[in-house]
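# Structural characterization, general
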Amino acid sequence: MSTKEKRASSMKARRRAGNIAAYIVLILMSIIWLFPFFGILMQSFRSYATEYGGVVSYIIPKKFSLDNYRFLFSGETNYLLWYRNTVIIAFCVSLFQTIIVLCVAYALSRMRFAGRTFLMRCWLILGMFPGFLTMICMYFLLKQFGLTQAGAVPGLILVTIASCGMQYYVCKGYFDTIPKALDEAARIDGATRFQIMYQLILPLSKPIVIYTALTAFMAPWCDYIFASYVAFGHDSSYNVAVGMTRWVWTKDYQSQGYFTRFCAGGVLVAIPVTLLFMALQKYYVEGVTGGAVKG
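Read on for an overview of the structure.

## Some words on the overall build of the protein
- Along its length, the protein carries 15 helices and zero strands.
- Burial analysis of the protein (295 residues in total) assigns 36% to the buried set.
- Summarising the internal contacts of the protein: among those between residues at least 6 apart in sequence, 74% fall at separations of at least 24.
- Carbon and sulfur atoms form 68% of the exposed surface of the protein, whose accessible area is close to 17800 Å².

## Side note on a positive patch on the surface
- A cluster of basic side chains, namely K12, R14, R15 and R16, defines a positive patch on the protein surface.
- Of note, R14 is situated in helix 1 (residues 3–44).
- When its relative accessible area of 54% is taken as the criterion, R14 is described as exposed.

## Points about the environment of I210
- Relative to the helices and strands, I210 is located in helix 11 (residues 206–221).
- The buried category is assigned to I210, whose relative accessible area is 15%.
- As a C-alpha pair, I210 and Y283 span 73 residues in sequence and 6.5 Å in three-dimensional space.
- Discounting chain neighbours no more than four positions away, the residues touching I210 are L280 and Y283.

## Overview of helix 7 (residues 152–162)
- For helix 7, every residue scored as buried is listed here: A152, V153, G155, L156, I157, V159 and I161.
- Among the structural elements, helix 4 (79–110), helix 6 (135–144) and helix 12 (225–230) are those in contact with the buried residues of helix 7.

## Describing the packing of aromatic side chains
- For the structure on display, the rule yields 17 aromatic pairs.
- Summarising the aromatic geometry, the rings of F45 and Y69 are spaced 5.5 Å apart at their centres and angled 45° between planes, so their arrangement reads as tilted. Linking F45 in the loop between helix 1 and helix 2 (48–51) with Y69 in helix 3 (residues 67–72), this pair joins segments that are 24 residues apart in sequence.
- Judged by relative accessible area, which is 21%, F45 ranks as partly exposed.

Thresholds, definitions, all that
- Residues numbered from 1 in each chain as written.
- Predicted model: local features only at pLDDT ≥ 70, side-chain atom pairs only at ≥ 80, totals over all residues.
- Heavy atoms only, no water.
- Helix = DSSP H or I, 4+ residues; strand = E, 2+ residues; numbered from the N terminus.
- Buried < 20%, exposed > 50% of the residue type's maximum accessible area, 1.4 Å probe, protein only.
- Contact = heavy atoms within 4.5 Å.
- Areas by Shrake-Rupley, 256 points an atom, 1.4 Å probe, with all protein chains shown as cover.
- Patch = residues over 30% accessible without salt bridge, like charges linked within 9 Å, V, L, I, M, F, W, Y side chains within 5 Å.
- Salt bridge = Lys/Arg side-chain N within 4 Å of Asp/Glu carboxyl O.
- Lys, Arg positive; Asp, Glu negative; His and termini not counted.
- Charge placed at Lys NZ, Arg CZ, Asp CG, Glu CD.
- Phe/Tyr/Trp six-rings, centres within 6.5 Å; stacked < 30°, edge-to-face > 60°.

These values are about where atoms sit, not about what they do.
In structure tokens:
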């Protein structure tokens, strides 16, 4: 074997060893990351009546049961109402926030007007401050309009989409990658700004549209802090996160089995989000990478 062949064989062996080491590390990281989810899934199938007499020393139930899931769909709890509230809030926020963000990003990317740069800089600076700073002010403002407690669902929708235009940055970065010559050609043919955006830009921007919709959907779906603050004390206005947390706070799960029911509810909450990300993962990644190219 020549020296060149030996060198190539050695490089190939090192590359194979590096790949094996990388896969081992990734597998270990995946096991560590997925272990809590596996534990929650197994707890959701544990029958409290038959084997939850206190602290257990095993993860996989000795006898699988659907009692916890039956409880969620029974009339003993408002879980379905909380789930419906969560779906309504997340869907409305995703729809309106996507429309607003796309419109703002398109205007800032394709149009030039006085104060444009100053406006973008102000929004970027304001976006650095956490929303928790305005929680007290927002609560009293919503209370004046009857959008707390019994009216918490429309109140949460309004608050979430009120300032969503400031989240334009990634979407604008993606629009900037689309040649402006397409707009100019369409304007010469007599197309309006709306026609250019709806018929030309959006079909070319499918990944960023899906990315914007997914991120807008996830925020209210996982919201707990502000949702509990606005709907405080009104059970029928809770979302799933707030309602299930009240279970383990107000119920003694070691004697009533609410912890296993909490796990079952968490599994049902995770299913829609998991399916969405699995189906739209390709577009989500393209939207993130495409929008981060330039701003």
